[in-house]
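The lines below spell out each chain.
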Amino acid sequence: MYRFLQAVRECAAAVLDSADLPAADSTFGSHGMDSVTAVRLRNILPEAVGMLLPATLLFNFPTPIT
């Protein structure tokens, strides 16, 4: 679980061009993520976590911990 969570946070920081990882319990939207960056994150996550993910990923799961 921790490894998956860490991968999500690292990919989110990369998409947001941020050196800081988003907090596990904060929403992606509070970090400035919109629909375009959500798609970018969804596109890079499969390589990091090893599974295909739905296009609605960040809208169904609004925080890294969920």
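Located above this text is the structure these notes cover.
Every value quoted in this text rests on a predicted model; they were computed, and no experiment measured them.

Student: Would you mind going over the overall build of the chain with me for this structure?
Tutor: In terms of regular secondary structure, the chain is built from three helices and zero strands. Relative to a compact globule of 66 residues, whose C-alpha radius of gyration would be 11 Å, the chain shows 10 Å and is just as compact. Each principal axis of the C-alpha distribution contributes one length, and for the chain these read about 25 × 25 × 20 Å. Classification of the 66 residues of the chain by burial places 38% in the buried group. Of the contacts made within the chain by residues no fewer than 6 positions apart, 53% connect residues no fewer than 24 positions apart. Within the structure as shown, the chain displays about 4,200 Å² of accessible surface, and the carbon and sulfur contribution to it stands at 59%.

Student: Mind showing me how you'd approach the nonpolar core here?
Tutor: Where a protein is soluble and globular, its nonpolar side chains tend to be buried together. Ranked by internal contacts, the top residues of the largest apolar core, which has 14 residues, are F28, M33, L41, L45 and L58. Every element with two or more residues in this core is listed here: α1 (2–15), α2 (35–49) and α3 (57–60). For this core, the leading source of residues is α1, giving five residues. Setting aside chain neighbours within four positions, we find L41 in contact with V8, C11, A12, V15, F28, M33 and L58.

Student: Can you walk me through unusual backbone geometry in this structure?
Tutor: Generally, phi is negative for residues other than glycine and the peptide bonds are trans, each holding for most cases. Not every positive phi belongs to a glycine, and D17 is a case in point at roughly 55°. Relative to the elements of secondary structure, D17 occurs in the loop between α1 and α2. On the basis of relative accessible area, D17 is assigned to the exposed category, the value being 70%.

Student: Explain α1 to me, please; I cannot follow it from the model alone.
Tutor: Along an α-helix, residues three or four apart share an orientation, since each turn contains 3.6 residues. The terminal C-alpha atoms of α1, which comprises 14 residues, lie 20 Å apart, in line with the 20 Å expected from a rise of 1.5 Å per residue. Lining the buried residues of α1 we find α2.

Student: Honestly, the environment of L5 in this entry has me stumped. Any pointers?
Tutor: Within the secondary structure, L5 sits in helix α1. Through-space distance from the C-alpha of L5 to that of I65 is 6.4 Å; in sequence the pair is 60 residues apart.

Rules and cut-offs
- Residues numbered from 1 in each chain as written.
- Predicted model: local features only at pLDDT ≥ 70, side-chain atom pairs only at ≥ 80, totals over all residues.
- Heavy atoms only, no water.
- Helix = DSSP H or I, 4+ residues; strand = E, 2+ residues; numbered from the N terminus.
- Rg over C-alpha atoms; globule rule 2.2 N^0.38 Å.
- Buried < 20%, exposed > 50% of the residue type's maximum accessible area, 1.4 Å probe, protein only.
- Contact = heavy atoms within 4.5 Å.
- Areas by Shrake-Rupley, 256 points an atom, 1.4 Å probe, with all protein chains shown as cover.
- Core = buried A, V, L, I, M, F, W, Y, C linked by side-chain atoms within 4.5 Å.
- Expected span 1.5 Å × (residues − 1).

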